[in-house]
Amino acid sequence: MKIRMKIRSKLLLSVIVIASVVFIASIGYLTQKLNTISLKSSFSLADAIAGENANLIKASLASDMGMARTMATSLADFRELSEKERVDNSFRIMKNVATQNPDYLSVWCSWELGYLDSKYKESYGRISLTYYRENGALKKTSEYKNMDGDIIGSNYHSLKTLKKEAVNDPYYYTYPGSNLTVLETSVCVPFLEGDKFVGVMGFDFELGYYQNLVKKIKPFEGSFAMLLSQNASIVAHTNEKLVGLSFDSIHPAENKRFGVLKNVFEGKSFSARFIDSKTNIEYYATFASFPIEKSDNPWTLALFVPTNILLKEANAVTYNSYLVIIIGLLILLIVIWIIAYSITNPLVRTTKVLGNLAKGQIDANNKISVKIGDEIEDIGNSVNTLIDGLSKTVNFANEIGKGNLNVAFSKLSDGDLLGESLLNMRKSLENAKEQEDKRKIEDEKMNWATQGVAKFAEILRQNNDDMSEFSYQIISNIIKYVDANIGGLFLINDDNKSDIFFELASCYAYDRRKFLQKKVELGEGLVGRCAKEGETIYLTEIPKEYIHIVSGLGNETPSSLLIVPLKRNDEVYGVVEIASFNPIEKHVIEFIEKIGESIATTVSNVKINIRTVKLLEESRIKSEELSSQEEEMRQNMEELQATQEESTRKSFETDSLVNALNASSYVLEYDLNGRVIYVNQSYLELTGQKMKDIIGAHHSDNIQMTEKQKREYQELWNALKNGNIRKETNKVKLSGKTYTFIETYSPIFNETHEVIKILKIAHNITDFIADKKEKEK
């Protein structure tokens, strides 16, 4: 059964229901959104605090790693010293560092014995040097270790294998003379010579500083922090009793669920929500991982914050939101009741008038009068305006139906669709005749272009054997057909491929020929630019004398200038230039562009025909010349054969000399930049190197130069490049052995007497020098 309700009741009920639903839904959504945002903001704040403190710890560890790297660099400078001198200098530097850094428990370094002593051939064995503190005093020790082989899996073996800086996992250690056991770690920096591991430098320091730092990290009520090493050992904790334990031993379930050990070991930052199994308190845990300089041992700072602390602000927002919903809903009900009552009364009268309009009963006497000063009054006025507008529309439609297109009519408003349609209808009728006139003009233009294409097709067919006459017929007919005043036809001249230009083949002005010699380079002036870009140029603002200066077509100043390229397959064969005292219409420009391709094709064919005739004549002349030169060529061949026999004999002699030189000397060739481009087998056998290792190497590589040689090195190469022969005595260190060579450098010239490479012939005098020194002793 359909329930019939008064409009006042429907309006009141509908507005109350819809407004209540929208209001509650909106406030509820905003409350939930604010709750989520507040919680995320709290999580982000915890993440930021953890990251900030992680950066502080990272900076402290980076400073310690930098100190170790500096010491390693200082000790590496002693590579040229003897073993004893290196040990003494190492102790001296280590003592200085230990004295200036009282927080360091010990400073130590290890040298590979194979690096200190060239006679020691084993890949293991090292000497360990240490400065440590005992009862506040510095003491030093030195001992040989790993003499039977490196211990696989040890920290030293890992450093030796990876050749990277490292921070050891924390460990407990009791120093001699003290019963105090401390938690410490070691910072290690390897010594490398090239890619070869020769030793390691490091120091040990206590981790108590980080314990004090972590205890101060308490940004929220009930929160605590911990510092984890790469293997998830607790370096520092708010609860000192947990220091030194593994994270897995305290939170095994959380570790298994969130993969804490794996993420910490890989240096990944992450966050999760933990529930403490002992206190049943839920925590938001954020783990901020950070690398330590160049090492592969990241550490992680973890911050644990009770979730209920973070939710306090969000819960407060939710409570206040619910309170606002209830108060707002009450106020909304009262306001809606008042508004509904004031609306319904005038609506009843307005509904009656609109009902008549819906039936098509348009009568000015049906206007209504509402004077209450609100939107209901506006509705009444709108209905009255609608009645007036519809009356005018009926009158306009009747006049249009009678054929009176000039009747006055204005729309009720910018959005009056009916009025707009009626005006469009009148405009369409007015435009119909205009469109018909335009169609006639377009048809005339199309017929004009079609007839022009046919006309020029005939001209091109009849004049394709004489380029001069062909050019004149083309430009003269174009000027006449398009009713222009001046014209010129420029054709490409590519007889000399190194000097391609466009020349004025023919011009036409005021019904008389002008035989002018004009040459235009590609890109020169407007014609050259059109030829280069292959695009039409049309100008309507031309300065006085501009045509004569740039295009050379006359002394008059036209009002428009058209330059069209003659293209075939994007290749420009010529340019048509037309000037007129009247504007050149678009359809004329399109017509000239259209016939331009046909002209370009004909130009190409005519040039080919002319070139073919010329080539045939040249071929005939060449044939006669070849016949006369045949006897002379035969005599030259006999002389050439004798010359080749002599050249073969000398080539065998030269090969014998080169083989003798390669057998008795060491021969290398360099390019003008000092790079090796050839080396003989004798040199490779002497040095034990391979061809691929030497080719491309620089002349100065491995040469032990004196200070004088360093200063004169560039002078040597400048002299060689200038064609001078130089002799030098150089020491070269290869594969740990030093050779002494007497070297002769000879520039090699090409046929134009330009130096193209440098030949070096060297003799090994290493043994001679050694014998001489032995005799002097």
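Residues numbered from 1 in each chain as written. Predicted model: local features only at pLDDT ≥ 70, side-chain atom pairs only at ≥ 80, totals over all residues. Heavy atoms only, no water.

### Observations regarding the overall build of the protein
Put simply, the rule reads: Starting at the N terminus, helices and strands are each numbered in turn, a helix being any DSSP run of H or I of at least four residues and a strand any DSSP run of E of at least two. With a 1.4 Å probe rolled over the protein chains alone, any residue whose accessible area is under 20% of its type maximum counts as buried; one over 50% counts as exposed, and the rest are partly exposed. What makes two residues a contact is simply this: any of their non-hydrogen atoms within 4.5 Å. Exposure was quantified through the Shrake-Rupley algorithm and a 1.4 Å probe, taking into account, for residues, occlusion by the shown protein chains and nothing else.
Of regular secondary structure, the protein possesses 19 helices and 25 strands. Of all 777 residues assigned to the protein, the portion counted as buried reaches 38%. In the protein, once contacts between residues fewer than 6 apart in sequence are set aside, the share between residues at least 24 apart is 53%. Split by element, the accessible area of the protein, about 46,400 Å² in all, is 53% carbon and sulfur.

### Topic: the pairing of strand S19 (residues 571–580)
Regular strands place their side chains on alternate faces of the sheet. The following threshold applies: The pairing criterion for strands is at least two bridges between them, as found by DSSP.
Of all ten residues that make up S19, nine are buried, and the element is covered over most of its length. Of the pairings in the sheet, the one linking strand S13 (residues 486–493) to S19 comprises six bridges and is antiparallel in character. Across the sheet, residue Gly-487 finds its bridge partner in S19, namely Ile-578. Two strands pair when backbone bridges link them, and strand S18 (residues 560–568) and S19 are joined in this way by nine bridges, in the antiparallel orientation. Of the residues in S19, the one forming a bridge with Pro-565 is Val-575. Here S18 folds back onto S19, and the loop between the two strands holds two residues, one of which, Asn-569, carries a positive phi near 55 degrees.

### Looking at the pattern of salt bridges
Applied cut-off: By definition here, a salt bridge exists when the distance from a side-chain nitrogen of Lys or Arg to a carboxyl oxygen of Asp or Glu is within 4 Å.
On inspection of all chains with the given rule, the structure shows 21 salt bridges. Notably, a salt bridge pairs Lys-519 with Glu-521, separated by 3.6 Å at the nearest N-O pair. Three or more residues are tied together by salt bridges with common partners; here these are Arg-69, Glu-165 and Glu-293.

### Digging into a nonpolar patch on the surface
Convention followed: Patch definition: residues above 30% relative accessible area lacking any salt bridge, with like charges linked at up to 9 Å and the nonpolar side chains Val, Leu, Ile, Met, Phe, Trp and Tyr linked at up to 5 Å.
On the surface, Tyr-319, Leu-323, Ile-327, Ile-331, Val-335 and Ile-339 cluster together to form a nonpolar patch covering roughly 580 Å² of accessible area. Tracing the backbone shows Ile-327 in helix H9 (residues 307–358). Ile-327 gets classed as partly exposed once you look at its relative accessible area, which sits at 46%.

### A short note on empty space enclosed by the protein
Put simply, the rule is: Site definitions follow a grid-based scheme: protein atoms alone, a 1 Å grid, a 1.4 Å probe that fits but cannot get out for cavities, and for pockets an open set with protein on both sides within 12 Å along at least five of seven lines, plus lining residues having an atom within 4 Å of a point. Grid points are joined across faces, edges and corners, and a volume is the space filled by probe spheres set on the points. Three categories are distinguished: nonpolar for Ala, Val, Leu, Ile, Met, Phe, Trp, Tyr, Cys and Pro, charged for Asp, Glu, Lys and Arg, and polar for the others, with Gly belonging to the last.
A full pass over the atoms with the stated rule returns two cavities of 30 Å³ or more. Of the pockets and cavities examined, the second largest cavity occupies roughly 40 Å³. Every residue along the wall of the second largest cavity is listed here: Phe-224, His-251, Phe-274, Ile-275, Asp-276, Tyr-283 and Phe-304. Per-class residue counts for the lining of the second largest cavity are five nonpolar, one polar and one charged.

### Quick look at the nonpolar core
Stated formally: Within this scheme, the nonpolar core is defined by two criteria: the residues are buried Ala, Val, Leu, Ile, Met, Phe, Trp, Tyr or Cys, and they are joined through side-chain atoms within 4.5 Å.
The biggest cluster of nonpolar side chains holds 59 residues, and the ones touching the most others in it are Val-107, Trp-111, Leu-227 and Trp-299. Counting residues per element, this core draws most heavily on helix H1 (residues 7–76), which supplies 13 residues. Ignoring sequence-local partners within four residues, the contact set of Trp-111 consists of Leu-75, Arg-86, Ser-90, Leu-116, Gly-125, Arg-126, Ile-127, Leu-129, Phe-191, Val-198 and Gly-199. With 32 residues, the next largest nonpolar core counts Tyr-472, Ile-475, Tyr-508 and Tyr-573 among its residues.

### Quick notes on the sheet that holds strand S12 (residues 299–306)
Here is the rule: Axis lines are fitted to C-alpha atoms, over the contacting stretch for helices. Their N-to-C directions set the angle, which ranges from 0 to 180 degrees.
Read across the sheet, five strands follow the order S9-S8-S12-S11-S10 without closing on themselves; strand pairing throughout is antiparallel. Whereas interior strands pair on both sides, the edge strands pair on one side only; in this sheet they are strand S9 (234–237) and strand S10 (270–275). Neighbour-to-neighbour, the strand axes of the sheet open up by a mean angle of 20 degrees, direction not taken into account. Sheet topology note: the S10/strand S11 (residues 282–290) ladder contains six bridges and is antiparallel. Within S11, the position partnered with Ala-272 by the bridge is Ala-285.

### Some words on the environment of Lys-294
Looking at the element boundaries, Lys-294 is found in the loop between S11 and S12. Overall, the relative accessible area of 60% leaves Lys-294 in the exposed class. Between the C-alpha atoms of Lys-294 and Met-65, which are 229 residues apart in sequence, the distance is 9.0 Å.

### A word on unusual backbone geometry
With a phi angle near 55 degrees, Asn-146 is a residue other than glycine that sits in the positive phi range. As for its placement among the helices and strands, Asn-146 is situated in the loop between strand S3 (137–145) and helix H4 (155–162). Unlike most non-glycine residues, Ala-232 shows phi in positive territory, near 65 degrees. The residue Ala-232 is located in the loop between strand S8 (224–228) and S9 in this model.

### Observations concerning the environment of Asp-88
With respect to the element layout, Asp-88 can be found in helix H2 (residues 83–100). Under the relative-accessibility criterion, Asp-88 is labelled partly exposed at 39%. Measuring from C-alpha to C-alpha, the distance between Asp-88 and Leu-129 comes to 9.9 Å, with 41 residues separating the pair along the chain.

### Focus: the confidence of the model for the protein
What counts here: A residue's pLDDT is the predictor's confidence in that residue, given on a scale from 0 to 100.
For the protein, mean pLDDT is 81; residues scoring 70 or higher make up 87% of the total. For the stretch residues 510–515, pLDDT sits under 50, and the model shows eleven contacts to residues farther than four places along the chain or on other chains. In this model, residues 548–554 is a region of pLDDT below 50 whose contacts with residues beyond four sequence positions or in other chains number 18 contacts.

### Quick look at the packing of aromatic side chains
Keep this limit in mind: Only Phe, Tyr and Trp rings are paired, with Trp represented by its six-membered ring, and only when their centres lie within 6.5 Å; those with planes under 30 degrees apart are stacked, over 60 edge-to-face, the remainder tilted. In this scheme, Lys NZ or Arg CZ marks a charge over a ring once it lies within 6 Å of the ring centre and within 35 degrees of the ring normal.
The full count for this structure, using the stated rule, is 28 aromatic pairs. Look at Trp-111 and Tyr-115: their rings are 6.2 Å apart centre to centre, the planes differ by 15 degrees, and that puts the pair in the stacked class. Residue class for Trp-111 comes out buried when judged on its relative accessible area of 2%. For Tyr-115, a relative accessible area of 16% puts it in the buried group. Considering the side-chain rings of Phe-287 and Phe-304, the 5.9 Å spacing of their centres and the 75 degrees angle between planes classify their relative orientation as edge-to-face. Highlighted residues: Phe-287 in strand S11 and Phe-304 in strand S12, separated in sequence by 17 residues. Phe-287 sits in the buried class, given a relative accessible area of 1%. Aromatic ring contacts, followed pair by pair, group Phe-224, Phe-247, Phe-258, Phe-270, Phe-274, Tyr-283, Phe-287 and Phe-304 into a single cluster. Seen from the ring of Trp-111, Arg-86 lies directly overhead, with NZ or CZ sitting 5.0 Å from the centre. Across from the ring centre of Phe-91, 4.6 Å away, lies the NZ or CZ of Lys-140, which sits over that ring.

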